[in-house]
Amino acid sequence: MELSSEDNNLTEKFLPPIEQESDVELETKVKKYLRGEGANLETLKDKKLKTQLASREKLYGKSAKTAAKIEKWLLPAEAGYLETDGLEKTWRVKQTDIANEVDLLSSRNQYDIVLPDFGPYKLDFTASGRHMIAGGRKGHLALVDMMSMNLIKEIQVKETVRDVAFLHNEQFFAAAQKKYAYIYGRDGTELHCLKERGPVARLRFLKNHFLLASVNKSGQLHYQDVTYGGMVASIRTGKGRTDVMEVNPYNGVVALGHSGGTVTMWKPTSQAPLVQMQCHPGPVSSVAFHPNGHLMATSGKERKLKIWDLRKFEEIQTIHGFHAKTLSFSQKGLLAAGTGSFVQILGDSSGSSSSHNYSRYMNHSMVKGYQIEKLMFRPYEDVIGIGHSMGWSSILIPGSGEPNFDSWVANPFETSKQRREKEVHLLLDKLPPETIMLDPSKIGAMKPSRRKEKPSRGEIEAEKEVAIEAAKSTELKKKTKGRNKPSKRTKKKKEMVENAKRTFPEQGHNNTASKKRRIGEDAAAELPASLKRFARKN
Amino acid sequence: MKIKTLSRPVDEYTRERSQDLQVVFHNFDPSLRPMEKAVEYKRALTAAKLEKIFARPFVGAMDGHRDGVSCMAKNPNYLKGIFSASMDGDIRLWDISSRRTVCQFPGHQGAVRGLTVSTDGNVLVSCGTDCTVRLWKVPRPTLEDSSVSSENFIEPAAEYVWKNAFWAVDHQFEGELFATAGAQLEIWNHNRASPVQSFQWGTDSVISVRFNPGEPDILATSASDRSITIYDLRMSSAARRIIMMTKTNSIAWNPMEPMNLTAANEDGSCYSFDGRKMDEAKCVHKDHVSAVMDIDFSPTGREFVTGSYDRSVRIFPYNGGHSREIYHTKRMQRVFCVKYSCDATYVLSGSDDTNLRLWKAKASEQLGVILPREQKKHEYNEAVKNRYKHLPEVKRIVRHRHLPKPIYKALGIIRTVNDSKRRKEDRRRAHSAPGTIVTKPLRQRRIIKEVE
């Protein structure tokens, strides 16, 4: 083993310069596959453990290197690009120019579907990008197979539809209708009516946890596990009505944008928000998350678009000029912003992963009457879906989609048997809602000593509020034979509220340990004269 | 202007004919897999739970003896057979796959104390308390023998009477000699009626003997004066000797590292020694509550199985201080002998209740032919469980074993006793001049001295 590594070292020294450059590229790729720094083994005193961990670290290095080489040589497809020469700018390139240069199969992805009667359309794609559900405000729901451009099912629910979302695959989708949210099967049958949530404004699905998250018209956040139907959490945000809700795919937290300009992030196991950020001076109109989980884009009504780094919760960049009603990030990091009938695509012009600089990449303006309702990039394709007031369209954006899919993660060419198997595996790997946290890499790491996480003050107060509300809203049994006096009822209710409050001890008294006070230890002047004989004589 | 967009022609990404395998593409980029660590943890938890669900280690019991089983011997050339002997002189050859007796070797008048097979598998040597050593010719298993209906009774090929009762016997590897343990250590040849060589030290009897698999001339013995001695046949006296605090019931050499031996002691622990340097134990394996009666190594050299007076069988890793597995049954009484099968899959235990029991070495192992996909899934489950086995939820499931009540209570008492001893020791140290109280490490504490 040692001889071969020596040989490798020797050959590496005499590589030509081109090979050495590609070595640098390989280094960055290897870093990506190593997923962070290795453990510091110098501090270990246990020799057996040290040797075991050292050999494991070596294995990790080897596997990361192999994965980097596979990425370089063995992946079947390459990403799309748009390169202009000379003085020509990328944002002046129109869709018609693109259609002339590109092959037939791709140009089939540029189209406009005009459905003027059914109101602005909202879209959602499945994880593999193969199926799309479009929901028009006036009640039109359409399930489309994008690869064969085949309409699988369309139904008219005859009610306002405010949002649509797919569940774990194309067999189930949820629609937020006038009074309640409903879950439909693939053939359009209504499977469930989700009455507990009330009138829902936005619906999103958390894939790894099988949780359907929604925010309703009174600003309440609901999480429901769709495998057994139980409501995991219903949280009163206390910030009023909002219909801006997005899920961060990296860690599963839900972000709400409020009318005061704050963006709050929530997890189902706590009643208080994880993070509250003051993003804009006015109301937040849209929020979007980069797939790597570190970047968030928010747009406010004051016509600014801000890019935030979520690791430090700092603003990286501000883009002035337009009020983006809808935002979306693509798999490769392009940001699409839609205002009125104009779509602007921004790309990261700096190559490094640490600094980001978003600048104009492409534009697309539609016919003046088409007001854009929702933008969403289609996964694994260089296509963006636009839902607008006159139907939906799709245009080509080179370089936006991930070129190589993994069949075990999301397969656009799935057969029904593969889909069934995948569903079973997804269910086996379903994560409990407690795993949603800001930094998901903490799972599996050893936590130092602390047995139980102490909740913060804000969390305790929020829990207290909820408990008091629950106590107040319990219905007392109606007693007969003269035992149902109003005075007794009010007394009993007060008692229940007091009990609920008692489970939360007062916060301020933790620091000073209450010492038992002996009679007469402080100034004897406190004691009345008759008790002075009991004062302690020091 | 150069433009390229992604386009995937369907025939490149799907299979050509229906008899082909499905086309699978891989992209190992971590950004395609959010929350991969949480998913892996969930899989580790599921794997730990599945392992417990499939853990059914007891395969079967072999019934036939009329008195407690005192010793067993395995034939290195024939995987399916095991010899066992009981306290009333009954020696049987069992067929493990059908769990029936193939033939019996009657003859001994008292308890049979030692059984061993020569390396070529032809000669079975037995010794007992009736002061005799008998040699038997092992019947060759033919194709007809697979359905065993008739029980054969075999006559001994040779019978040697000697002066004192014997306690153990072991055969040399690749040689013609075998050693018996009795009042002295005696070395015999197949053809001679009296021993060719004998070793004596003091007046105490030798209770167990074991030849080294790597060096055919070296053997280890343990005597009732609490000593472990290593002899070399080419020399006239002992090579190494240590005296411990309690007597050793049985010794086993590691087949993969023949310089290491492990001794099963009367105080409930097993001590692993390096044969070249016996003043300190390399590892102390503690988990049994009562005396450890027998010990046998797996052919991989990575594990050994012990049977103890506390009615349980434990499997230990060769370098680990605590057992990986414990097997017990309400019906199994004091375990006197254990053997690890030669394919490292099964463990056999012979106990006081006249039964030989067959257990799986890995309790949740799927026996039989395993498809390659199944094999990969088993390996993945094993690997992901080992990655997270130190975390509390997974650890609790992996570690969980049901212990019989007497053992559970005894372990609690032992823990209390050790805690109080340690506390007393700490207080003594705290109240005396620093450096006066020196604790010997456990590896050396149980060894009194090395002699010679």
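Numbers given for residues are sequential positions, taken from 1 along each chain in its written order. Lettering for chains starts from A, numbering for ligands starts from 1, and both go in the order in which the items are written. In keeping with the model being predicted, local features are shown solely for residues with a pLDDT of at least 70 and side-chain atom pairs are shown and tallied solely at 80 or more, while totals for entire chains, interfaces and linings include all residues. Where side-chain values are given, they derive from all heavy atoms of the structure, hydrogens and water being excluded.

Turning next to the sheet that holds strand S9 (residues 132-137) of chain B. Two orientations exist for strands paired in a sheet by backbone hydrogen bonds: parallel and antiparallel. Residue and element names in this part refer to chain B. The criterion for strand pairing is that DSSP finds at least two bridges linking the strands in question. Secondary structure is summarised from DSSP: a helix means a run of H or I of at least four residues, a strand means a run of E of at least two, and numbering begins at the N terminus for each. Strand order in the open sheet made by the four strands is S7-S8-S9-S11, with antiparallel pairing throughout. Edge strands, defined here as strands with exactly one partner in the open sheet, are strand S7 (112-117) and strand S11 (156-161). Between one strand and the next, the sheet's axes are offset by a mean angle of 15°, whatever the strand orientation. Where strand S8 (residues 123-128) and S9 come together, five bridges link them in antiparallel fashion. Its bridge partner being in S9, Val125 is matched across the sheet by Leu135. Note on definitions: angles span 0 to 180 degrees between N-to-C directions of axes, and those axes are lines fitted to C-alpha atoms, for helices only across the stretch in contact.

Next up on the list: helix H3 (residues 47-73) of chain A. In this analysis, the expected span of each helix is defined as 1.5 Å times one less than the number of residues it contains. Given a rise of 1.5 Å per residue, 27 residues ought to cover 39 Å, and the 39 Å separating the end C-alpha atoms of H3(A) matches this to within 8%. Pairs of N or O atoms are called polar contacts if they sit within 3.5 Å, as long as, within protein, a hydrogen donor faces a hydrogen acceptor (for residues adjacent in sequence, only side-chain-to-side-chain pairs). Measuring from the backbone nitrogen of A:Lys48 back to the side-chain oxygen at the start of H3(A) gives 3.3 Å, which picks out A:Asp46 as the cap.

Sites flagged by UniProt as "domain: BING4 C-terminal" (unreviewed entry) map to residues 360-440 of chain A. Between the end C-alpha atoms of residues 360-440 of chain A the distance is 32 Å, and the span holds 16% helix and 30% strand. UniProt positions are given in the numbering used here, feature names are shortened, and annotations may be inferred rather than shown by experiment.

On to the confidence of the model for chain A. Residue and element names in this part refer to chain A. For every residue, the pLDDT score states the predictor's confidence, bounded by 0 at the bottom and 100 at the top. When pLDDT is averaged along chain A, the result is 88, and 91% of the positions lie at 70 or above. Confidence drops under pLDDT 50 across residues 1-9; counting only partners more than four residues distant or on other chains, this segment forms one contact. This stretch, residues 510-514, has a pLDDT under 50; its non-local contacts, to residues over four places away or in other chains, come to zero contacts. Two residues qualify as a contact provided that any one of their heavy atoms is within 4.5 Å of a heavy atom in the partner residue.

Attention shifts here to the interface of chain A and chain B. The partner chain B presents 38 residues to the 60 residues of chain A that form the contact. Contact between chain A and chain B buries roughly 4700 Å² in total, counting both sides, with carbon and sulfur atoms accounting for 57%. Definition used for salt bridges: Asp or Glu carboxyl oxygen within 4 Å of a side-chain nitrogen of Lys or Arg. On inspection of chain A and its partner chain B, the count reaches six salt bridges. Joining chain A to chain B, the criterion identifies 23 residue pairs in polar contact (both at pLDDT 80 or more). Of all the elements in the fold, those that place two or more residues in the side of chain A that touches chain B are helix H2 (17-34), H3, strand S1 (81-83), helix H4 (95-101), helix H5 (104-107) and helix H6 (416-428) of chain A. Among the residues forming the side of chain A that touches chain B, the class breakdown is 30 nonpolar, 14 polar and 16 charged. As paired elements, S1(A) and strand S1 (residues 2-4) of chain B share three bridges and run antiparallel to each other. Residue pairing for S1(B): A:Glu83 is matched across the bridge by B:Lys2. Note: buried area is the sum, over both parts, of the accessible area (probe 1.4 Å) each one loses when the two are combined. Only Asp, Glu, Lys and Arg are considered charged, only Ala, Val, Leu, Ile, Met, Phe, Trp, Tyr, Cys and Pro nonpolar, and every remaining residue, Gly among them, polar.

Further remarks concern a positive patch on the surface. Surface patches are drawn from residues lacking salt bridges whose relative accessible area is over 30%; two like charges belong together within 9 Å, two nonpolar side chains (Val, Leu, Ile, Met, Phe, Trp, Tyr) within 5 Å. Accessible surface area values rest on a Shrake-Rupley calculation with a 1.4 Å probe, where residue burial reflects the displayed protein chains alone. Just so you know, the count uses Lys and Arg for positive and Asp and Glu for negative, and it drops His and the chain ends. By convention, the point assigned to a charge is CZ for Arg, NZ for Lys, CD for Glu and CG for Asp. Taken together, the side chains of A:Lys477, A:Lys479, A:Lys481, A:Arg483, A:Lys485, A:Lys488, A:Lys491 and A:Lys492 make up a positively charged region of the molecular surface. Its location among the elements puts A:Lys488 in helix H8 (residues 486-502).

Next up on the list: the nonpolar core. By nonpolar core is meant a set of buried Ala, Val, Leu, Ile, Met, Phe, Trp, Tyr and Cys residues that side-chain atoms within 4.5 Å join together. Burial status follows relative accessibility: with a 1.4 Å probe on protein chains alone, a residue under 20% of its type maximum counts as buried, one over 50% as exposed, and anything between as partly exposed. Membership of the largest hydrophobic core comes to 28 residues, with the highest contact counts inside it found for A:Leu221, A:Tyr223, A:Val254, A:Met265, A:Val287 and A:Met296. When contributions to this core are tallied by element, the ones reaching two or more residues are strand S12 (211-216), strand S13 (220-225), strand S14 (231-236), strand S15 (244-247), strand S16 (254-257), strand S17 (262-266), strand S18 (275-278) and strand S19 (284-289) of chain A. Membership of the second largest hydrophobic core comes to 22 residues, among which are A:Ile345, A:Ile384, A:Ile386 and B:Ile3.

This part is about the side chain of B:Asp95. All names here are of chain B. Within the secondary structure, Asp95 is located in strand S5 (residues 91-95). The exposure class of Asp95 is buried, given its relative accessible area of 4%. Beyond its immediate sequence surroundings of up to four residues, Asp95 is in contact with Tyr78, Lys80, Arg100 and Val102.

Glancing now at the UniProt feature "repeat: WD" (unreviewed entry) in chain B. Residues and elements named next belong to chain B. Per the UniProt annotation, the sites labelled "repeat: WD" (unreviewed entry) are residues 62-104, 105-138, 199-241, 285-316 and 328-369. Secondary structure within residues 105-138 divides into 0% helix and 53% strand; the distance between the first and last C-alpha atoms comes to 10 Å. Note that residues 199-241 is 0% helix and 53% strand, and that its end C-alpha atoms are spaced 13 Å apart.

With that out of the way, let us pick up the environment of A:Gly219. Residues and elements named next belong to chain A. Examined against the element boundaries, Gly219 turns out to sit in the loop between S12 and S13. Accessibility expressed as a relative area gives 1% for Gly219, which makes it buried. Sequence spacing of Gly219 and Ile235 is 16 residues, and the spatial spacing of their C-alpha atoms is 8.9 Å. Non-local contacts of Gly219, meaning those with residues more than four positions away in its chain, are made with Ile235, Thr237, Gly240 and Arg241.

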